[in-house]
Amino acid sequence: MIIERSTEWKEGLVNRLENIEPWDNWTLYKMCYEIVNDNLITEFSGLQSPKYLPNLTPLSHQLEVAETVIERMNGKAILADEVGLGKTIEAGLILKEYLIRGLVKKALILAPASLINQWVEELNYKFYIPAIPYKKNYQLDHYDVVVMSMDTAKKSPHKELIYAQDYDMIIIDEAHKLKNHKTKIYEFVQGLKKKFCLLLTATPVQNDVFELFYLISLLKPGHLGNYETFQSSFSASKHNLEHDEYLRELVNQVMVRNRRQDTGIEWTNRRVQIIPIQFSEAEKEVYDLILDLKNISPVFSGAFSMITLQKEMCSSKEATALTLEKMREKCENPDEMDHVNEIIQKLMGLEINSKAEKAYEIISQANDKVIIFTEYRASQTYLQWYLNSKGITSVLFNGKFNKNKRDWMKRLFKEQAQVLIATESGGEGINLQFCHHVINYDLPWNPMKLEQRIGRVHRLGQEHDVHIYNLAIDNTIEKDILDLLYVKIDVFEKVVGDLDDILSTYKKTI
Amino acid sequence: MFPNQVHGYLLKFFNENNCPILTNTDHYITVQLTVDMDKKIMNRPFYWRYLESTDGVPDPAQLTFITDQNKLDGAIKGEVIHFGSPRLNQLFQATKELGAFVQMFERVSDKFESRPILTPWLGVNYKISYYSDQTKEMLYSLGINLMTGHLTDDFQELLSRVDLVSIRSEYVFHLPYIIKPIRALERLDTAIENIVQQDDHTWAEEAKRRWQKDLEVLEYFYEGVENKPECYEMEKKALEEQYAARIKIEVINGGLFYMK
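In what follows, the accompanying structure is described. (Residues numbered from 1 in each chain as written. Chains lettered and ligands numbered in written order. Predicted model: local features only at pLDDT ≥ 70, side-chain atom pairs only at ≥ 80, totals over all residues.)

## Description of the overall build of chain A
Then, in step 1: A count of helical and extended segments in chain A gives 20 helices and 14 strands.
Then, in step 2: Considered along the principal axes of its C-alpha atoms, chain A spans approximately 105 × 55 × 45 Å.
Then, in step 3: Contacts in chain A between residues at least 24 apart in sequence constitute 75% of all its contacts with a sequence separation of at least 6. (Helix = DSSP H or I, 4+ residues; strand = E, 2+ residues; numbered from the N terminus. Contact = placed C-beta atoms within 7 Å.)

This is the structure in structure tokens:
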């Protein structure tokens, strides 16, 4: 075994014996011994970090995660706690522990751009880890702990600069962004040396089990076999899992996941319901006309654009019109164009938006702060106008806002407006525990997006029961979306573990 | 270390280094640094180089350290310092540098009729660290009699029971050492290595097993792949860095001690 030692002290002693340098102070000598003795890490196991962190009182599940990851998973793990349980704290504890133990000197944290400042602040103030946000032209050699956006990191010249560093620990927040192995960011992370590595995501499976395969293959290639063996043993079709138990066990060797109810903390209830809505006759007519377009013009034959149109029609005429107008430009045949024009006219003639009316009804009944999530910017603007006409104040929110604007909007919502209308990208990194009603105005394809949305309000610090309203229009594509959401939730629960209610309180069995 | 311990530590540290304490309450202190201390902990070499080259009047910094934020009232401007904060670590490091080598003599009363005799010892405090993907540290305090070559452990503990001063007394006869301190240091180095070698090293075997297991998993992933990609080699290197067992022996401090 290698024994490292230095002759530095010996040289210093020689200098003293030869009177080249003076002897030191006895009190400082004793103080030095005492400090080393007090700070000694006397056990391989157990956490040192908590005693260094007076400004932080970690919750017991967070300490447990840190210990499990270090002692059982050897510092390579997916932290998959449900949203709002403090994955950042867990990662901070683990990083701090390795820094104290001298096993990590340099660490790189990759996070979505909108969360960089939050990471830097938490690491500095809660953990006394001198992390800096990466800026162009920063010399990475000079900084030991750097927080960087994934988008920056994957591009040249940053990519090469990072590869040239020797990081002991890589932490990746919102790691579900790595679910697709064909992306640049996946390739980039694959090329990083990962001595210790934490992947943070509440949603390790979003659509199918292969996402988990690729995530784990980044962390520990081979843990789930290689692609061929994984495919043949675990999935004939993507949603049909045969060896659920076995797979779950393998997954649990590299993944820790706490559910809210496991944490020993009293959680408020989550009351989730699907609110069915009926189109008015006029709306239904336009919806069907749009559906029929695929038989009228080749421009509308693509499945993707049809699905988009149908979803938009379930949201607002404003959203639909934008797409419809764009597609009209592509029509070459004048008859087809006329036909589309007619539909647009009918569309714009609609006086009622049944879904918006339902949303209004819920808001008035709640008589409290409400967050509305929509998938479309046009619907966002429309809803603000519509609610305003009913005397309800609202603010808009989306993830592209910088930190100042986010904080400002959050404050406006807290202090003045009744409703916050957010687009999808507003789902990450804003915490709104003072609100306890969420309307999912449009349903996303991915159930984990719903979980992320709900997590904005149903997290530590929420004092009231949380009400979730999932709006879905009968006899439209939203019915199909609901069915698919149920299937995906089922896959997640089989491989990863149970989920809190997302769609409705009663689980549908498939 | 609790806030009051940090507070006590700061007072002691700055006192010993001749930095006047200007204010001292139960939760903060203000200290006037000396030029030497400023150079050591303020991290401003350019200022000092400039001052010295222009023969300016040195103006070492005054610092206020808040040791207990909870007791703070009013607008005290200062650095909050606590166990784990970078500043305290820096002061620990400074303590280590300023307290690395000593030469001490047992205090003897001058009322003795015959001249007392003091025997020289070399004492060294060693820190041993075991590293794999986990760590453990041990502290050994060894002493060697420079007349007889007799070794003893828990030497620091022994010293704590002796009244030591840094000034050589005229009344006392100091035996010259037979074993040169550098030779003695080599003997202690050997002794500490023996201690390490005789220790239980299952930790290293276990780390090796974890390493082996992860290596097998990795090999499985690339089984049958003819030209293994670059990341295969990198993963292998990462595993080595993660699990390879290393031992570090470090001298914390030590010195010559003349005792009865």
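## Points about helix α13 (residues 303–313) of chain A
Then, in step 1: Taken together, the buried positions of α13 of chain A are L309, K311, E312 and M313 of chain A.
Then, in step 2: Those residues of α13 of chain A hidden inside the fold are in contact with α12 (281–296), α14 (317–328) and α20 (477–495) of chain A. (Buried ≥ 20, exposed ≤ 12 C-beta atoms within 10 Å, placed from the backbone.)

## A word on the sheet that holds strand β3 (residues 107–111) of chain A
Residue and element names in this part refer to chain A.
Then, in step 1: Spatially, β4-β5-β3-β6-β7-β2-β8 is the arrangement adopted by the seven strands of the open sheet, whose pairing is parallel. If you trace the sheet from one side to the other, it starts and ends with β4 (131–133) and β8 (255–256), each paired once.
Then, in step 2: Sheet contacts for helix α5 (residues 116–126): β3, β4 and β5 (145–149); angle to β4, the most-contacted strand, approximately 160°. (Pairing = 2+ DSSP bridges. Axes fitted to C-alpha atoms, helices over the stretch in contact; angles between N-to-C directions.)

## Focus: the packing of helix α3 (residues 60–72) of chain A against helix α4 (residues 87–100) of chain A
Residues and elements named next belong to chain A.
Then, in step 1: It is at 9 Å that the axes of α3 and α4 come closest, and there the two elements cross at 50°. In terms of orientation, α3 lies oblique with respect to α4. As α3 packs across α4, the resulting crossing turns out to be right-handed. For the pair α3 and α4, the contacting residues are Q62, V65, A66, V69 and I70 in the first and I89, E90, L93, I94 and E97 in the second. (Parallel < 35°, antiparallel > 145°, perpendicular 65-115°, else oblique. Left-handed = near helix turned anticlockwise from the far one by under 90°.)

## Quick notes on the environment of I344 of chain A
Then, in step 1: Take I344 of chain A: it is sitting in helix α15 (residues 334–349).
Then, in step 2: Among the residues examined, I344 of chain A registers 17 C-beta atoms within 10 Å and is labelled partly exposed.

## Observations regarding the interface of chain A and chain B
Then, in step 1: Every contact between the two is made by 52 residues of chain A and, on the other side, 58 residues of chain B.
Then, in step 2: Listed by contribution, the elements that provide at least two residues to the side of chain A that touches chain B are β1 (2–5), α1 (8–17) and α2 (26–38) of chain A.
Then, in step 3: Among the elements that take part in the side of chain A that touches chain B, α2 of chain A stands out by supplying ten residues, more than any other.
Then, in step 4: Classifying every residue of the side of chain A that touches chain B gives 27 nonpolar, 14 polar and eleven charged. (Nonpolar A, V, L, I, M, F, W, Y, C, P; charged D, E, K, R; others polar.)

## Some words on the sheet that holds strand β2 (residues 28–32) of chain B
Residues and elements named next belong to chain B.
Then, in step 1: The four strands lie next to each other as β1-β2-β3-β4, forming an open sheet whose pairing is mixed. Edge positions in the open sheet fall to β1 (21–24) and β4 (79–80), since each of these has one partner strand only.
Then, in step 2: Pairing of strand β3 (residues 62–66) with β4 involves two bridges; the strand directions are parallel. Each bridged residue has a counterpart across the sheet, and for I66 the counterpart in β4 is V80.

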